[in-house]
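Residue-level structural notes
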Amino acid sequence: MKKLLLTLIFVLTGCASTEFKPFEAKNNSFEGAGGTKLVVEGIDVWENGEPPRKYKIIGIIEDERAGGVIPKSMLVSDIAKKAKDSGGDAIIKMESNSHITGFISNAYASGNVYGNNVNASSFGATSAVRRINSRFAVIKYIQ
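Residues numbered from 1 in each chain as written. Predicted model: local features only at pLDDT ≥ 70, side-chain atom pairs only at ≥ 80, totals over all residues. Heavy atoms only, no water.

1. Overview of helix H2 (residues 69-85)
For the record, the criterion: A run of H or I in DSSP counts as a helix once it spans at least four residues, and a run of E counts as a strand once it spans at least two, with each numbered from the N terminus. In this scheme, a helix's expected span is set at 1.5 Å multiplied by one less than its residue total. A residue's bend is simply the angle between two axes: one fitted to the seven residues ending at it, one to the seven starting at it. The buried label goes to any residue with under 20% of its type's maximum accessible area, the exposed label to any with over 50%, and the partly exposed label to all in between, with areas taken from a 1.4 Å probe on protein chains only.
Under the 1.5 Å per step criterion, the end-to-end length of H2 is 25 Å for 17 residues, consistent within 8% with the ideal 24 Å. In the structure, H2 departs most strongly from a straight axis at Leu 75, where the bend amounts to approximately 40°. Those residues of H2 that fall on the buried side of the exposure criterion are Pro 71, Leu 75, Ser 77, Ile 79, Ala 80 and Ala 83. Within two residues after H2, Gly 87 carries a phi angle of roughly 90°, on the positive side.

2. Let's talk about unusual backbone geometry
Notably, Glu 41 is not glycine yet its phi reads approximately 55°, a positive angle. Looking at the secondary structure, you find Glu 41 in the loop between strand E3 (34-40) and strand E4 (43-50). In this structure Glu 41 comes out as partly exposed when scored by relative accessible area, which is 37%.

3. Examining the pattern of salt bridges
The line we're drawing: In what follows, salt bridge is the name for a side-chain nitrogen of Lys or Arg lying within 4 Å of a carboxyl oxygen of Asp or Glu.
As enumerated under the stated definition, the model contains 6 salt bridges in all. One salt bridge connects Asp 78 with Arg 65, and the closest N-O pair in it is separated by 3.0 Å. Highlighted residues: Asp 78 in helix H2 and Arg 65 in strand E5 (residues 54-66), separated in sequence by 13 residues. For Asp 78, a relative accessible area of 23% puts it in the partly exposed group. Each of Asp 63, Arg 65 and Asp 78 takes part in one network of salt bridges that share partners.

Following this line, the structure appears as structure tokens:
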């Protein structure tokens with residue numbers, strides 16, 4: 001049972017890919033109107049809008065991961081770390097969606113015989129397996 005649980009945790013948390021791609025443009029100076037901001041790992045995270053100051057885009061981070069509770073809770077932190085390592089000051093959430101890639105089913109049954117009496121019980125469950133795809137712009141503030 002422990003081995004199955006450890007394998008399931010690995011499958012649900014593993015297989016994430018977070019890739020930084022440099023961004024180049026002829027005109028790479030923008031100024032946003034504002035939005036909601038969190039600070040994660042020392043990086044400003046703009047999820048609903050853009051920073052109300054001048055900035056340039058230095059790259060795009062594309063991320064794909066399992067849709068479980070643990071991988072999903074680590075998404076913004078992982079993106080912020082990658083942005084910081086890539087020289088960014090902040091990230092702007094561009095897109096995030098999930099899709100079902102399959103299903104996991106498990107069942108348990110037990111029974112006991114006491115003389116002429118039989119006592120049996122069973123339990124089964126099916127859960128959807130999801131993947132999350134996200135894109136974030138990595139930005140550098142212009143002073």
